[in-house]
Amino acid sequence: NIQMEEGWQQYYDQSRTDRRQLNELAAKARNGELSPEEHEKLAMLTERFLGTEAAEPIYQTLSAQPSAPVSAVFALGRILIDRDDKSGLSLIEAAIAQDDRMSMEGLRLVFLHLMRTGDVGAAEEYRRRLGAQREIEERAAEERGPPHRRDEFEDHGLSQLQLDSVLERLRPFHLLRRAYLVRKRVQSLPLRPYHVLVLESTVPARSMDYSLSSFVAEEIQLPADGYVVHVTWRTRWLRRRFKRIPSALILDRG
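In this text, all values refer to a predicted model and were calculated from it rather than measured experimentally.

A. Molecular detail of the packing of helix 6 (residues 103–116) against helix 7 (residues 120–143). Orientation of helix 6 relative to helix 7, taken along the N-to-C sense of each, is 160°, at an axis distance of 9 Å. Put simply, helix 6 runs roughly antiparallel to helix 7. The crossing of helix 6 and helix 7 is left-handed. Mapping the contact onto sequence places Ser-103, Met-104, Leu-107, Arg-108, Val-110, Phe-111, Leu-114 and Met-115 in helix 6 and Ala-122, Ala-123, Tyr-126, Arg-127, Arg-129, Leu-130, Gln-133, Arg-134 and Glu-137 in helix 7. Classifying every residue of the contact of helix 6 with helix 7 gives 10 nonpolar, two polar and five charged.

This is the structure:
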């Protein structure tokens, strides 16, 4: 099966790259040269290749920092809860309070921990919270999809650093003429942004032998969930709508 062989080759190549990065980050850590982002990456790769026991001290160090990454706090809580150390519960709750995208997995982990340790009363409370959160997530998912004419849009809300990161990913696409980025207004989980990225190409979409939106969607790394659209005669209404938002045009090659 050629497709399966190609999949395994990609997995092998990525694993080899990640293992090399782990070694490089570990060397930088010994010299005290890690940036906060690299420190977090080191923790993740250490857990992946060397296991949770090796990664736990790194997560401990990250979580003790004044501006600890929420993902590191959650990861440490997960490790502690998995071995039924109840001190992980407060860490998971703290992570959920900072980023509600971690709610479903966090509540599930705490529920299983409480069931294993026999605290049925507390487990029932988490079971109810998990059910309520699932309903919220389902309603939110219904709002987060392809844009519709009835939708309302606003400023993307990205910092300059975040926007620069998006633009860096867009620039290699030579057939890309313009790019518009906005935030869609949503009712469910309004603090969880949902972006729409609209692409305008230098040639008509029908003349291209590949999907520009699919390629960009695979390459782009938006700070939150989002949807990528290539302007065609069916979607050009989006371009008209987005032009009304001053900050929407993020890339213009004329």
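B. Quick peek at the side chain of Thr-46. With respect to the helices and strands, the residue Thr-46 is situated in helix 2 (residues 36–50). For Thr-46, the side chain forms a polar contact with the main-chain oxygen of Leu-42, separated by 2.6 Å.

C. A look at helix 4 (residues 70–82). An ideal rise of 1.5 Å per residue puts 18 Å on 13 residues; helix 4 measures up with 18 Å between its terminal C-alpha atoms. Considering only its buried residues, helix 4 is in contact with helix 2, helix 3 (52–63), helix 5 (87–98) and helix 6. Just downstream of helix 4, Asp-84 is the residue with a positive phi angle, here 60°.

D. Looking closely at the environment of Arg-171. With respect to the element layout, Arg-171 can be found in the loop between helix 8 (160–170) and strand 2 (176–184). For the pair Arg-171 and Leu-251, spaced 80 residues apart in sequence, the C-alpha separation works out to 8.6 Å.

E. Quick peek at unusual backbone geometry. The phi torsion at Asp-84 lies on the positive side, around 60°, for a residue other than glycine. Examined against the element boundaries, Asp-84 turns out to sit in the loop between helix 4 and helix 5. On the basis of relative accessible area, Asp-84 is assigned to the partly exposed category, the value being 31%. Look at Leu-189: it is not a glycine, yet its phi comes out positive at around 50°.

F. Local environment of the nonpolar core. Ranked by internal contacts, the top residues of the largest apolar core, which has 19 residues, are Leu-170, Leu-197, Leu-199, Val-216 and Ile-250. At the level of elements, helix 8, strand 2, strand 3 (194–201), helix 9 (212–219) and strand 5 (249–252) are the ones that each hand at least two residues to this core. For this core, the leading source of residues is helix 8, giving four residues. With near-sequence residues (within four places) excluded, Leu-197 lies in contact with Leu-170, Ala-179, Tyr-180, Leu-181, Val-216, Ile-220, Tyr-227, Val-228, Val-229 and Ile-250. Of all hydrophobic cores here, the second largest spans 17 residues; its members include Ala-95, Phe-111, Leu-114 and Leu-130.

G. The packing of helix 4 against helix 6, seen in detail. With their axes 10 Å apart at the nearest point, helix 4 and helix 6 run at an angle of 20° to one another. Taken as axis vectors, helix 4 and helix 6 run roughly parallel relative to one another. For the pair helix 4 and helix 6, the crossing hand works out as left-handed. Along its contact with helix 4, which presents Phe-74, Arg-78, Ile-81 and Asp-82, the element helix 6 presents Glu-105, Gly-106, Leu-109, His-113 and Arg-116. Partitioning the contact of helix 4 with helix 6 into residue classes produces three nonpolar, two polar and four charged.

What counts and what doesn't
Residues numbered from 1 in each chain as written. Predicted model: local features only at pLDDT ≥ 70, side-chain atom pairs only at ≥ 80, totals over all residues. Heavy atoms only, no water. Axes fitted to C-alpha atoms, helices over the stretch in contact; angles between N-to-C directions. Helix = DSSP H or I, 4+ residues; strand = E, 2+ residues; numbered from the N terminus. Parallel < 35°, antiparallel > 145°, perpendicular 65-115°, else oblique. Left-handed = near helix turned anticlockwise from the far one by under 90°. Contact = heavy atoms within 4.5 Å. Nonpolar A, V, L, I, M, F, W, Y, C, P; charged D, E, K, R; others polar. Polar contact = N/O pair within 3.5 Å; in protein donor to acceptor, adjacent residues only side chain to side chain. Expected span 1.5 Å × (residues − 1). Buried < 20%, exposed > 50% of the residue type's maximum accessible area, 1.4 Å probe, protein only. Core = buried A, V, L, I, M, F, W, Y, C linked by side-chain atoms within 4.5 Å.

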